Amino acid sequence: MITVILLFLAGHSWFGASTNIPFTSSSTDEVALLAFKAKITRDPYNILETNWKEGTSFCNWIGVTCGHKHRRVTALNLSSTGLKGTIAKEVGDLSFLVSLDISNNYFQGYIPEQLGNLKRLRGLYMQLNELSGQIPQTFGFLTRIQELVLYNNSLTGPIPP
């Protein structure tokens, strides 16, 4: 069991749906966020249910920050919102993501290996959840990571190089 991990060190992924509909980069971000929302089984403050709606700009959704130039998701901060569910693998498609904070919630299950696709990620905060399994080996690809905070979960195994 890992009790405390705080590392100070020192993306791109493709949405692979079998469809003929072309996706723009920003629509890939919206698809990833809606996949994240779909994996939530409890939202006690109705943050996602009432605010994360198709047809509205995801850059205006609670917890989402977008870059000014490309209008891509650069930060996702849903800490301490009481959310319960699993982490959607599609979060790994948020290729401009610099910070992901889902700490102090009730996320369960494994950390998706696709998060290793987030080449721009500098801060990853998943502490105080109910995550289990191993830290994905793909985390070794997070070459820009400066803070990795995973304590108070039920994670096992080594930290990938």
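This section reports on the structure supplied with the text. What you see is a predicted model; the values in this text were computed from it and never measured.

Quick look at the overall build of the protein chain
Argument step 1. Scanning the protein chain from N- to C-terminus turns up two helices and eleven strands.
Argument step 2. Each helix and strand of the protein chain, ordered N terminal to C terminal, gives the series β-α-β-α-β-β-β-β-β-β-β-β-β.
Argument step 3. Each of the 161 residues in the protein chain was classed as buried or not, and the buried ones make up 46%.

As for the side chain of T138
Argument step 1. Mapped onto the elements of the fold, T138 is located in the loop between β9 (130–134) and β10 (147–149).
Argument step 2. Among the residues examined, T138 registers a relative accessible area of 18% and is labelled buried.
Argument step 3. Ignoring anything within four residues of it in the chain, the contact list for T138 reads E113 and G116.

A look at the side chain of T81
Argument step 1. Summarising the element assignment, T81 is placed in the loop between β4 (73–77) and β5 (84–85).
Argument step 2. Engagement of the side chain of T81 in a polar contact is seen with the backbone oxygen of L78, the distance being 2.7 Å.

A look at the packing of aromatic side chains
Argument step 1. On inspection of all chains with the given rule, the structure shows four aromatic pairs.
Argument step 2. Measuring from centroid to centroid gives 5.8 Å for F36 and F107, while their planes differ by 40°, and the two rings are tilted. Of the two residues, F36 is situated in helix α1 (residues 25–38) and F107 in strand β7 (residues 106–109); the sequence distance between them amounts to 71 residues. Both residues of the pair, F36 and F107, count as buried.
Argument step 3. Ring geometry for W52 versus W61: centroids 5.1 Å apart, planes at 25°, classification stacked.

So, the state of the cysteines
Covalent bonding between the sulfur atoms of two cysteines defines a disulfide.
Argument step 1. The final tally for this structure, using the stated rule, is one disulfide.
Argument step 2. Disulfide partner of C59: C66, at an S-S distance of 2.2 Å. Judged by the torsion about the S-S bond (-95°), the C59/C66 disulfide is left-handed. Just as C59 is buried, C66 falls in that class too.

Some words on the environment of S79
Argument step 1. Among the secondary structure elements, S79 is positioned in the loop between β4 and β5.
Argument step 2. Accessibility expressed as a relative area gives 23% for S79, which makes it partly exposed.
Argument step 3. Once the C-alpha coordinates of S79 and N105 are considered, the two residues, 26 residues apart in sequence, prove to be 6.7 Å apart.
Argument step 4. Excluding its chain neighbours within four sequence positions, the residues that come into contact with S79 are D101, I102, S103 and N105.
Argument step 5. A distance of 3.1 Å separates polar atoms of two side chains, one belonging to S79 and the other to N77.

Focus on the environment of Y106
Argument step 1. Secondary-structure assignment places Y106 in strand β7.
Argument step 2. Measuring from C-alpha to C-alpha, the distance between Y106 and N153 comes to 9.9 Å, with 47 residues separating the pair along the chain.
Argument step 3. Not counting residues up to four positions away in its chain, the partners in contact with Y106 are R42, G82, L83, K84, G85, N129 and E130.

What to know about the pattern of salt bridges
Argument step 1. Following the criterion strictly, the structure yields one salt bridge and no others.
Argument step 2. Between D29 and R72 there is a salt bridge, and its shortest N-O distance comes to 2.9 Å. Taken together, the positions of D29 in helix α1 and R72 in the loop between β3 (64–66) and β4 put the pair 43 residues apart, joining distant regions of the chain. Accessibility assignment for this pair places D29 and R72 in one class, buried.

Thoughts on unusual backbone geometry
Argument step 1. Even without being glycine, N46 reaches a positive phi, approximately 55°.
Argument step 2. Relative to the assigned elements, N46 resides in the loop between β2 (40–42) and α2 (47–51).
Argument step 3. The phi torsion at N152 lies on the positive side, around 60°, for a residue other than glycine.
Argument step 4. Assignment of secondary structure puts N152 in the loop between β10 and β11 (154–156).
Argument step 5. The class of N152 is partly exposed, set by a relative accessible area of 43%.

What counts, and where the lines are drawn
- Residue indices follow the written sequence of each chain, beginning from 1 at its first position.
- Residue-level local features of this predicted model are given only where pLDDT is at least 70; pairs of side-chain atoms are given and counted only at 80 or more, and the full residue set underlies all totals for whole chains, interfaces and linings.
- To obtain the side-chain values, all non-hydrogen atoms of the structure were included, while hydrogens and water were left out.
- By definition, any uninterrupted DSSP run of H or I lasting at least four residues is a helix, any uninterrupted run of E lasting at least two residues is a strand, and each is numbered from the N terminus.
- Think of it in three bands: residues with accessible area under 20% of the maximum for their type are buried, residues over 50% are exposed, and the middle band is partly exposed, with areas taken using a 1.4 Å probe on protein chains only.
- Contacts are assigned to residue pairs that have any heavy atoms within 4.5 Å of one another.
- N or O atoms closer than or at 3.5 Å make up a polar contact, with two conditions inside protein: a donor-capable atom paired with an acceptor-capable one, and, for residues adjacent in sequence, both atoms drawn from side chains.
- Two rings belonging to Phe, Tyr or Trp (six-membered ring only in the last case) form a pair when the distance between their centres is within 6.5 Å. Interplanar angles under 30 degrees mark stacking, angles over 60 mark edge-to-face geometry, and anything in between is tilted.
- Cysteine sulfur atoms are paired as a disulfide whenever they come within 2.5 Å of each other.
- A side-chain nitrogen of Lys or Arg and a carboxyl oxygen of Asp or Glu constitute a salt bridge if their distance falls within 4 Å.

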